[in-house]
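What the coordinates show
In case you want the letters, here they are:
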Amino acid sequence: YKHIATNGNGCMAKDSIMINVHSLTFSLVQDTVYICDGDSVQLLGPPSMTLYSWYDEFSVVGDIQNIYVNPNITTQYNLSVTDSLGASAMDSLIVVVRSIPIVAIPQNDTTISLGACDSIFGPSGFDIYDWHENGISTYSTQDIEVCPVDTSQYLLYATNQYGCMGSDSINV
């Protein structure tokens, strides 16, 4: 802007000023994050801001660049930031909470004779099966055949297509 002023004596003076408009924009790294019920996730804000305000529908949940959240239902998180020049911007993301799958071994605890074997059938529909015999990972198939020499617990950790894990056990 240029300004010319004249006083009552007809003297003129000139001056100018340049105005720079500063605006702030940013985008969070992800629009949607998926977690399993009971898990937490770190939400990442942009670097080098002077003020951060993370909030959900109900309250402020953090005032630093990166925060950890562990919602038990799908939740939208908003981030408002301010830079060193006072410009502000906001973005949001949704944390989708996937439920823990129900894993149910269809058999009850059973008794077998010493030296005998038994088949244990895992439930169908899971992507990963991880059987533990007395605390040690031993099998990775849906169904297993076991020949214990003593009473043993077989614990199955089964993971669904979303990476969420549930468990069940049987004693033989």
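Before reading on, note that the structure itself is shown above.
Residues numbered from 1 in each chain as written. Predicted model: local features only at pLDDT ≥ 70, side-chain atom pairs only at ≥ 80, totals over all residues. Heavy atoms only, no water.

Another aspect to go through is the sheet that holds strand S11 (residues 128-133). Neighbouring strands of a sheet are bound in pairs by backbone hydrogen bonds; such pairs are parallel or else antiparallel. Strand order in this open sheet of 4 strands is S12-S11-S14-S15, and the pairing throughout is antiparallel. Across the chains shown, the open sheet's two edge strands, defined by having one partner strand only, are strand S12 (136-139) and strand S15 (165-171). Looking at each pair of strands side by side, their axes are set apart by 30° on average, direction ignored. Sheet topology places strand S14 (residues 153-159) next to S15; 7 bridges connect them, and they run antiparallel. From the neighbouring strand, Leu-155 faces S15, where its bridge partner is Ser-169. (Pairing = 2+ DSSP bridges. Helix = DSSP H or I, 4+ residues; strand = E, 2+ residues; numbered from the N terminus. Axes fitted to C-alpha atoms, helices over the stretch in contact; angles between N-to-C directions.)

We now examine the state of the cysteines. This model, assessed by the stated rule, comprises 2 disulfides. With its sulfur 2.1 Å from that of its partner, Cys-36 forms a disulfide with Cys-164. Disulfide Cys-36-Cys-164: torsion about the S-S bond near -95°, hence left-handed. In this pair, Cys-36 sits in strand S3 (residues 32-36) while Cys-164 sits in the loop between S14 and S15, placing the two residues 128 residues apart along the sequence. The buried category is assigned to Cys-36, whose relative accessible area is 8%. Classification of Cys-164 by relative accessible area gives buried; the value is 0%. The disulfide bridge from Cys-117 ends at Cys-147, spanning 1.8 Å between sulfur atoms. Judged by the sign of its S-S torsion, about 105°, the cystine formed by Cys-117 and Cys-147 is right-handed. Placement of Cys-117 in the loop between strand S9 (88-98) and strand S10 (118-121) and of Cys-147 in the loop between strand S13 (143-146) and S14 is noted, with a sequence separation of 30 residues between them. Residue Cys-117 is classed as partly exposed on the basis of its relative accessible area, which comes to 37%. What links to what in the chain: the bonded cysteines, counted in sequence order, pair as 1-4, 2-3. (Disulfide = S-S within 2.5 Å. Buried < 20%, exposed > 50% of the residue type's maximum accessible area, 1.4 Å probe, protein only.)

Another point: the sheet that holds S9. Pairing in this open sheet of 5 strands is mixed, and the strands run S3-S9-S8-S5-S6 from one edge to the other. Two strands bound the open sheet, and with one partner strand each, they are S3 and strand S6 (60-62). On average, each strand axis in the sheet is tilted by 30° relative to the strand beside it, whichever way the strands run. Judged from the 8 bridges that link them, strand S8 (residues 75-82) and S9 form a sheet pairing that is antiparallel. What sits directly across from Val-81, in S9, is Ala-89.

Function cannot be inferred from these measures alone, as they are strictly geometric.
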